[in-house]
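Next come the chains, spelled out residue by residue.
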Amino acid sequence: MANLLEENKLILMHGGGSKILNYYEKFRFKENVIIDLSYTIQHFRHTTLIKDILFCIKNLDSRIILGSDYQPKKISKYHNVNNI
């Protein structure tokens, strides 16, 4: 789908969960694909997966977003990555 819709932005909700690095490898050269980590960062923040999440944030930069679909948490909680 990313190849067919190169003129459009695609948002992948929940960022691949525990398979986030698979998503990174598959979509790192697809400028039209944006990865939403709002669920993933909350769900896996106390696991070793957080290093993979931080890697993706660093390397995909502006193509990573944190949405508001995980209502119990405020986005301000994630302002400082060191607090995760």
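Refer to the structure printed above.
Conventions we followed
- Residues numbered from 1 in each chain as written.
- Predicted model: local features only at pLDDT ≥ 70, side-chain atom pairs only at ≥ 80, totals over all residues.
- Heavy atoms only, no water.
- Patch = residues over 30% accessible without salt bridge, like charges linked within 9 Å, V, L, I, M, F, W, Y side chains within 5 Å.
- Areas by Shrake-Rupley, 256 points an atom, 1.4 Å probe, with all protein chains shown as cover.
- Salt bridge = Lys/Arg side-chain N within 4 Å of Asp/Glu carboxyl O.
- Helix = DSSP H or I, 4+ residues; strand = E, 2+ residues; numbered from the N terminus.
- Core = buried A, V, L, I, M, F, W, Y, C linked by side-chain atoms within 4.5 Å.
- Buried < 20%, exposed > 50% of the residue type's maximum accessible area, 1.4 Å probe, protein only.
- Contact = heavy atoms within 4.5 Å.

### A word on a nonpolar patch on the surface
On the surface, Ile-11, Met-13 and Ile-65 cluster together into a nonpolar patch covering about 250 Å² of accessible area. Topologically, Ile-11 is positioned in strand β1 (residues 10–12).

### A look at the nonpolar core
Side chains that are nonpolar tend, in soluble globular proteins, to be buried together. Listed in full, the twelve residues of the largest apolar core are Ile-20, Tyr-24, Ile-35, Leu-37, Ile-41, Phe-44, Leu-49, Ile-50, Ile-53, Cys-56, Leu-60 and Ile-64. Of all elements in the fold, only α1 (20–27) and α3 (49–60) reach the threshold of two or more residues within this core. In this structure Leu-37 touches Gly-15, Ile-20, Ile-53, Ile-57, Ile-64, Ile-65 and Leu-66, once residues within four positions along its chain are discounted.

### Description of the pattern of salt bridges
Throughout the structure, instances matching the rule amount to two salt bridges. Among the ionic pairs, Glu-31 bridges to Arg-63, the shortest N-O distance being 3.9 Å. Of the two residues, Glu-31 is situated in the loop between α1 and β2 (33–36) and Arg-63 in the loop between α3 and β3 (64–65); the sequence distance between them amounts to 32 residues.

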